[in-house]
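Coordinate inspection notes
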Amino acid sequence: MANQATRTYIATIRNHCQVYDSLDSLGFAASKLWNVARWTVDRIWKETGYIPDHSELSAYLKNHERYADLNAQSSQRVIQELAEAFRGWYSKRQNGDEMANPPGYRKRGDEHPRSTITFKEDGFKHDSEHNRVRLSKGRNLKDHWSDFILCEYDTDPDATVENVQQVRAVWNDQRGEWELHLVCRVEFEGIDSPGDRTAGIDIGISNTAAVSYGDEAVLYPGGALKEDEYYFAKERAKCDDTTSNEARRLDHKWSSRRTHFLHTLSKTIVEESERRGVGTIAVGDLTGIRENGSGETKDWGSKGNQSLHRWAFDRFVTMLEYKAEEHGIIVETVNERNTSKTCACCEHKDSNQRVERGLYICDECGTVANADVNGAENIRRKLEDTQVPPSPDDEDRSTGWMAQPAVHLFDRESGRFTPREQVVNCKP
Ligand SMILES: [Zn+2]
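Overview of the structure.

About the cut-offs
- Residues numbered from 1 in each chain as written.
- Predicted model: local features only at pLDDT ≥ 70, side-chain atom pairs only at ≥ 80, totals over all residues.
- Heavy atoms only, no water.
- Helix = DSSP H or I, 4+ residues; strand = E, 2+ residues; numbered from the N terminus.
- Areas by Shrake-Rupley, 256 points an atom, 1.4 Å probe, with all protein chains shown as cover.
- Donors = N, O, S within 2.8 Å, 3.2 Å for Na, K, Ca; no water.
- Tetrahedral: all angles 85-135°; square planar, octahedral: opposite > 155°, others 65-115°.
- Buried < 20%, exposed > 50% of the residue type's maximum accessible area, 1.4 Å probe, protein only.
- Salt bridge = Lys/Arg side-chain N within 4 Å of Asp/Glu carboxyl O.
- Phe/Tyr/Trp six-rings, centres within 6.5 Å; stacked < 30°, edge-to-face > 60°.
- Lys NZ or Arg CZ within 6 Å of the ring centre and 35° of its normal.
- Pairing = 2+ DSSP bridges.
- Axes fitted to C-alpha atoms, helices over the stretch in contact; angles between N-to-C directions.
- Core = buried A, V, L, I, M, F, W, Y, C linked by side-chain atoms within 4.5 Å.
- Parallel < 35°, antiparallel > 145°, perpendicular 65-115°, else oblique.
- Left-handed = near helix turned anticlockwise from the far one by under 90°.
- Contact = heavy atoms within 4.5 Å.
- Nonpolar A, V, L, I, M, F, W, Y, C, P; charged D, E, K, R; others polar.

We now examine the overall build of the protein. Within the protein one finds nine helices and 17 strands. Of the accessible surface of the protein, which amounts to about 22,100 Å², a share of 46% is contributed by carbon and sulfur atoms.

In structure tokens:
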């Protein structure tokens, strides 16, 4: 039986330099319209004592000058968002949340921030053959030489972008550029699960991913990402102006290389899992990033790096989810709590456990394991334990695989992960 779902692919804009001025003007226009609508709500509210809903507000505003800055459907969406925000606030209030504030104005000092712009069916034209999308401007912003914005985009090389229902232009503050969210309708046949085994993934910095299958483990070091971080930070420092085209070009290149790395990694893990009869993949939910300063904290580096890693993690899990789904594999996030402190062999918990040169050493049973593999195995067991109770007589199961995981490195030449011995070129 065919199932239907929507899936959102995030795409970077290849010709960003050519389109960002136009996208900026739409993004600012959306904020202005929001503010006009916000102000209108206030007025009606004061006069009548009640908050107008979406259709009343649209009827009020559709002849307003600001309404024609965007495509009519895009303007409608802005007003709908505001109405939804008011509804959300109102129901919070009714549920006794006295602290909830009504939606505010979109201001950034004296300037307008860049709001997300949504394009519905008559607001865009998608060209799937050339990975291009035409986004329409409102009447006011059209000029003699163009009445639409033509974006060329890059997205997941494995994704089939068709049946696009909606396009959103979203300002990515982290990367300082616009990106496109392509909302597609997908149909897929019910796919049989490859098996009933469970894999666990521990996400980290030195190893981007450590994967445990319960009897073997694979590490995917993040060396290629680190080299890029170093290289691009250095090149970027040479730019006099951080908003120059050269700086933008570098940022763009860096982010597409990072994206490519994450795509390749998620694809590889899904393929490896399928081959091993894995039906469920458990991913740690990154308490380490969220709970900075607590005992669980991993070394995620400076604040700026943290949000970068947070972003990369979210992207990675999304990629993993939809790639896994196509192979009948379910991805579940599990709480990472204690997964780095607990011995995966004897379940002994020790806050002061020793990690020496990346090894986890258990004082209780003497197990020596790669620390990330130990974490991944604990994450795996958190999910497996809920399905299959652990055997109490499991004491003599071999743990050698935990001490010596396979290491697969990202090879730039082939764009793939290969076992360490085979990598010839790992320079950026
Ligand atoms: Zn132990």
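Moving on: the coordination of the zinc ion. Protein coordination at the zinc ion comes from Cys343 (SG), Cys346 (SG), Cys362 (SG) and Cys365 (SG), with a distance range of 2.3 Å. Geometry at the zinc ion is tetrahedral, judged from the four donor atoms that bind it and their angles of 108 to 111 degrees at the metal. Sequence spacing among the residues donating to the zinc ion works out to C-x2-C-x15-C-x2-C. Of this pair, Cys346 sits in the loop between β12 (330–334) and β13 (354–356) while Cys362 sits in the loop between β14 (359–361) and β15 (368–370), and the two are 16 residues apart along the sequence. Owing to a relative accessible area of 3%, Cys362 belongs among the buried residues under this scheme.

The subject of this paragraph is the pattern of salt bridges. The final tally for this structure, using the stated rule, is 25 salt bridges. With a shortest N-O distance of 3.3 Å, Glu81 and Arg106 are connected by a salt bridge. Of the two residues, Glu81 sits in helix α3 (residues 72–94) while Arg106 sits in the loop between α3 and β2 (117–119), which places them 25 residues apart along the sequence. When its relative accessible area of 21% is taken as the criterion, Arg106 is described as partly exposed.

Below, the discussion takes up the environment of Arg87. Along the chain, Arg87 falls in helix α3. Along the primary structure Arg87 and Pro102 are separated by 15 residues, whereas in three dimensions their C-alpha atoms are 9.2 Å apart.

A few words on the packing of aromatic side chains. Counting across every chain of the model gives eleven aromatic pairs. With a centroid separation of 6.1 Å and an interplanar angle of 80 degrees, the aromatic rings of Phe86 and Trp89 are classed as edge-to-face. Of the two residues, Phe86 and Trp89 are both situated in helix α3; the distance of three residues between them amounts to about one turn of the helix. Here Phe86 falls in the buried class, since its relative accessible area comes to 3%. Owing to a relative accessible area of 9%, Trp89 belongs among the buried residues under this scheme. Ring plane angle 70 degrees and centroid distance 5.7 Å describe the contact between Trp171 and Trp178, whose orientation is recorded as edge-to-face. What makes Trp171 buried here is its relative accessible area of 18%. For Trp178, a relative accessible area of 0% corresponds to the buried category. In textbook terms, an aromatic cluster arises when at least three aromatic residues are bridged by ring pairs, as seen for Tyr220, Phe261, Phe410 and Phe417. It is Arg248 that lies over the ring of Tyr20; its NZ or CZ is 4.0 Å from the centre. Over the aromatic face of Trp254 sits the side chain of Arg258, whose NZ or CZ is 4.9 Å from the ring centroid.

Pairing is mixed in the open sheet, where seven strands are placed in the order β12-β11-β8-β9-β10-β16-β17. Each edge of the sheet is formed by a strand with only one pairing partner; in this case those strands are β12 and β17 (416–419). The sheet shows a mean angle of 25 degrees between the axes of neighbouring strands, direction not considered. Pairing analysis gives five bridges linking strand β8 (residues 197–203) to strand β11 (residues 278–284), with the strands arranged parallel. Across the sheet, Gly200 pairs through a bridge with Ala282, a residue of β11.

We now examine the nonpolar core. Among the nonpolar cores identified, the biggest contains 72 residues, and Leu135, Val167, Leu180, Ile269 and Leu320 are the most heavily contacted of them. Counting residues in hydrophobic clusters, the runner-up holds ten residues, among them Leu219, Trp401, Met402 and Val407.

Where helix α1 (residues 16–48) meets α3, the axes come as close as 9 Å, and the angle between the chain directions of the two elements is 50 degrees. The angle between the axes of α1 and α3 places the two elements in the oblique class. Like other packed secondary-structure pairs, α1 and α3 cross with a definite hand, here right-handed. Here Ala30, Leu33, Trp34, Ala37, Arg38, Val41 and Trp45 of α1 lie close against α3, whose contacting residues are Ser75, Val78, Ile79, Glu81, Leu82, Ala85, Phe86 and Trp89. Here the contact of α1 with α3 is built from residues that sort into twelve nonpolar, one polar and two charged.

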